[in-house]
Amino acid sequence: MNAPLKVTVTGAAGQIAYSLLFRIAKGDVFGPKQPIILQMLEITPAMGALEGVAMELQDCALPLLHGMVLTDDANTGFDGANWAFLVGAFPRKAGMDRSDLIGKNAGIFSVQGKAINSRAASDIRVLVVGNPANTNALITMSNAPDVPRERFTAMTRLDHNRSVSMLAGKAGANVADVRQLTVWGNHSNTMVPDLTYCYIGRQKALNAVGKRWYSKEFVPTIAGRGAAVIKARGASSAASAANAAIDHVHDWAQGTRKNDWVSMSVPSDGSYGAPEGVIFSFPCTCPGDGTYQIVQGLELGEDIKAGIKATGDELLAERAVVAELL
Ligand code: NAX
């Protein structure tokens, strides 16, 4: 057995965490030989509910769960953390527009960035799930100047997984046969699902499903999938969001498949015309040592380039709302 990893999960009494915590503690992210200490951060009014979650974790008798910390203090929550899932966020309420939501969350993520900077382990790696995820990740990164920038990522893996699954369903294939699908940009409805280099088995995906289906059915369905789940379930995606967070960190830590890539929102290096200074979703490969590379050298069509410009502009506008916190 390895020494335990300290894994921080914020929003630990919320609905995504209710799936995420149990699967981390079961070994779905770091493997069956890696013990975990869960450091669960919540706001004070949710500490009672968090006690209940901790009781259930205990009642699972999970051999890899070597300890739990329950706290409403960010410095305690990130103390010595090796990995952090930033799930907790201020929810969008009736009458709030996107910039209100960004402003409300900015305070949370600047505090957490500072706590990561001063208290986390030197190998800390961060995934931001709480919305607006890309801009929250930017705020967190900007408030943790001593941590290398490439350690901060945001989640577009749910959009990626939804795209893979819908495509496989249309083609009558297994999800494992879908390779090299990309979701570019922001985790919002400006994101750009791209099949230019995507294969289903040995066939180019666009040849299998047709360009008309791609633009008329696929793109709008993926953009509206979150809202469709809310309409059907009466609550936003939770188990699938937790699963996507697990896939993101699993692949970052343990490596992506050969001849494939995944969509990760990472600090933009300006590739493909994406603006620098934002957290942007790119096709990425991970060798399995906690690093990633943005896939380079892809030739893109004009429609995808226009989509990258639009989603990049949205991220720049979000950044402008929180400029004083960066
Ligand atoms: P819930 O409202 O069920 O849970 C959020 C939890 O965060 C609550 O228990 C709340 O008390 C806690 N919280 C709030 N402020 C906190 C703070 N400062 N420190 C610690 N905890 C805090 O939401 P849930 O359904 O779990 O969703 C969490 C976030 O994920 C939301 O922002 C949501 O919009 C976002 N999502 C992001 C997705 C993505 O693909 N990037 C997809 C799923 C999800 O919509």
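What you see is a predicted model; the values in this text were computed from it and never measured.

1. What to know about the packing of aromatic side chains
If you walk through the whole model with that rule in mind, you get nine aromatic pairs. A ring pair is formed by F30 and W83, whose centres lie 5.5 Å apart and whose planes are at 50 degrees; its orientation type is tilted. On the criterion of sequence distance, the pair formed by F30 in the loop between helix 1 (15-26) and strand 2 (36-41) and W83 in strand 4 (residues 83-86) is long-range, its members being 53 residues apart. Each ring, one from W184 and one from F282, has its centre 6.3 Å from the other, and the planes form 80 degrees; the classification is edge-to-face. One end of the pair, W184, is in strand 8 (residues 182-184); the other, F282, is in strand 13 (residues 279-285), with 98 residues separating them in the sequence. The class for W184 is buried, based on a relative accessible area of 0%. In this structure an aromatic cluster arises from ring pairing among F30, W83, W252 and Y292. Over the ring of F90 we find K104, and its NZ or CZ is 5.0 Å from the ring centre. Across the ring face of Y197, the terminal group of K204 is positioned such that the distance to the ring centre comes to 6.0 Å.

2. Examining the domain arrangement of the chain
By the assigned domains, the chain splits into domain 1 (5-154) and domain 2 (157-325). Summarising the inter-unit geometry, the C-alpha centres of domain 1 and domain 2 are found 23 Å apart. Contact with domain 1, which involves 37 residues of that partner, is made by 41 residues of domain 2. Both sides of the domain 1 and domain 2 interface together cover about 2900 Å² of buried area, and 64% of this is carbon and sulfur. Our enumeration of links across domain 1 and domain 2 arrives at zero salt bridges. On the surface where domain 1 and domain 2 come into contact, there are 14 residue pairs in polar contact (both at pLDDT 80 or more). Broken down by secondary-structure element, the contributors of at least two residues to the side of domain 1 that touches domain 2 are helix 1, strand 4, helix 4 (98-119), strand 5 (125-128), helix 5 (133-142) and strand 6 (152-154). Among the elements that line the side of domain 1 that touches domain 2, the one with the most residues is helix 5, at seven residues. Its residues placed into classes, the side of domain 1 that touches domain 2 shows 18 nonpolar, 12 polar and seven charged.

3. Here's the deal with the pairing of strand 4
Every second residue of strand 4 is oriented toward a common face, with W83 and F85 on one face and A84 and L86 on the other, all of them buried. For strand 1 (residues 5-10) and strand 4, the ladder comprises four bridges, and the chain directions are parallel. Looking at strand 4, one finds that T8 is bridged to A84. The sheet contact formed by strand 4 and strand 5 spans four bridges and is parallel. Bridging from a neighbouring strand, A84 pairs with V126 of strand 5. Assessed by its sense of winding, the connection that carries the chain from strand 4 through helix 4 to strand 5 is right-handed.

Calculation notes
Residues numbered from 1 in each chain as written. Predicted model: local features only at pLDDT ≥ 70, side-chain atom pairs only at ≥ 80, totals over all residues. Heavy atoms only, no water. Phe/Tyr/Trp six-rings, centres within 6.5 Å; stacked < 30°, edge-to-face > 60°. Helix = DSSP H or I, 4+ residues; strand = E, 2+ residues; numbered from the N terminus. Buried < 20%, exposed > 50% of the residue type's maximum accessible area, 1.4 Å probe, protein only. Lys NZ or Arg CZ within 6 Å of the ring centre and 35° of its normal. Domains from an automatic or database assignment. Contact = heavy atoms within 4.5 Å. Buried area = accessible area lost by both parts, 1.4 Å probe. Salt bridge = Lys/Arg side-chain N within 4 Å of Asp/Glu carboxyl O. Polar contact = N/O pair within 3.5 Å; in protein donor to acceptor, adjacent residues only side chain to side chain. Nonpolar A, V, L, I, M, F, W, Y, C, P; charged D, E, K, R; others polar. Pairing = 2+ DSSP bridges. Right-handed = clockwise from strand over helix to strand, strands pointing away.

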